[in-house]
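# A closer look at the structure
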Amino acid sequence: DAGVIQSPRHEVTEMGQEVTLRCKPISGHNSLFWYRQTMMRGLELLIYFNNNVPIDDSGMPEDRFSAKMPNASFSTLKIQPSEPRDSAVYFCASSQTGGGSYEQYFGPGTRLTVT
Amino acid sequence: AQSVTQLGSHVSVSEGALVLLRCNYSSSVPPYLFWYVQYPNQGLQLLLKYTSAATLVKGINGFEAEFKKSETSFHLTKPSAHMSDAAEYFCAVSEAYGNEKLTFGTGTRLTIIP
């Protein structure tokens, strides 16, 4: 299995620009999670989907952030407009729920730098 | 609501010495517990998990953890540290009968002294 795939791996953009991060979960997994990791705040859950439906978006910082999952094999996290404080590593993770153990498999992350 | 506390944001051990990373959890229902490892510039990788079966759980790379309900602990150990163990380690908890969200600790950075 290819694991969770994220693109791009690195993104550098200027303040005010739109940024789109992409994620392909592991085939057969039915839950998908977006996290943000910074030195100051550690690992934060932004939003998660189950069967393509957003279940909990309470971690989304503000309206500038949006996430979609149009099908079981693809999700996007969009920031519009981007700000320097959005600089972080963004991880996507997927899991197969229903089996009872809930372990999540993480992608390699996208390192976002907003100047 | 569940929570996790990792004692010690930085731990240093000599190569060949015992590794002990501490994790205490809080959960109103029986928990599932996990340890993840993160190497520099990589995502998190599952080391091991406790899901209400055996209380002593063995994972990859020689690590193991013991679930102690009376102490609400799930400490991670390895008998003999190797240089390749240098990484950041995260403890996480979910509710066994709840949703699949994981709550992560703040992480412990493990340094191995040659």
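Here is a short report on the structure shown in this document.

Counting from both sides, the interface comprises 21 residues of chain A and, opposite them, 21 residues of chain B. Between chain A and chain B, roughly 1,600 Å² of surface is buried when both sides are summed, and carbon and sulfur atoms account for 54% of that area. Interface area lost by chain A to chain B is led by Leu43, Tyr102 and Phe106 of chain A, which between them contribute 31%. Counting the contacts that link chain A with chain B gives two salt bridges.

All names here are of chain B. Pairing is antiparallel in the open sheet, where five strands are placed in the order S1-S3-S8-S7-S6. Looking at which strands have only one partner, the edges of the open sheet turn out to be strand S1 (3–7) and strand S6 (56–58). Between one strand and the next, the sheet's axes are offset by a mean angle of 20°, whatever the strand orientation. The sheet contact formed by S6 and strand S7 (residues 64–68) spans three bridges and is antiparallel. In the sheet register, Val57 faces S7, and the bridge partner there is Ala65.

Here we take up the state of the cysteines. All names here are of chain A. Inspection of the entire model under this criterion finds two disulfides over all chains. Cys23 shares a disulfide with Cys92; S-S distance 1.9 Å. Because the torsion about its S-S bond is -65°, the bridge between Cys23 and Cys92 counts as left-handed. You can see Cys23 sitting in strand S3 (residues 19–24) and its partner Cys92 sitting in strand S9 (residues 88–95), a full 69 residues away along the chain. Taking the relative accessible area as the measure of exposure, Cys92 reaches 0% and is therefore buried.

This part covers the pattern of salt bridges. All names here are of chain A. This structure, assessed with the given rule, holds 13 salt bridges over all chains. The salt bridge partner of Glu83 is Arg64, with a shortest N-O separation of 3.5 Å. Taken together, the positions of Glu83 in the loop between strand S8 (74–79) and S9 and Arg64 in the loop between strand S6 (53–56) and strand S7 (65–71) put the pair 19 residues apart, joining distant regions of the chain. What makes Glu83 partly exposed here is its relative accessible area of 23%. The partner of Arg64 in a salt bridge is Asp86, and the shortest N-O contact between them spans 2.7 Å.

Attention now moves to the side chain of Thr13 of chain A. All names here are of chain A. You can see Thr13 is positioned in strand S2 (residues 10–13). Classification of Thr13 by relative accessible area gives buried; the value is 10%. In this structure, Thr13 is in contact with Val19, Ser82, Leu112, Thr113, Val114 and Thr115, ignoring residues within four places of it in sequence.

About the cut-offs
Residues numbered from 1 in each chain as written. Chains lettered and ligands numbered in written order. Predicted model: local features only at pLDDT ≥ 70, side-chain atom pairs only at ≥ 80, totals over all residues. Heavy atoms only, no water. Contact = heavy atoms within 4.5 Å. Buried area = accessible area lost by both parts, 1.4 Å probe. Salt bridge = Lys/Arg side-chain N within 4 Å of Asp/Glu carboxyl O. Pairing = 2+ DSSP bridges. Helix = DSSP H or I, 4+ residues; strand = E, 2+ residues; numbered from the N terminus. Axes fitted to C-alpha atoms, helices over the stretch in contact; angles between N-to-C directions. Disulfide = S-S within 2.5 Å. Buried < 20%, exposed > 50% of the residue type's maximum accessible area, 1.4 Å probe, protein only.

Such coordinate-based values are descriptive only and should not be taken to indicate function.
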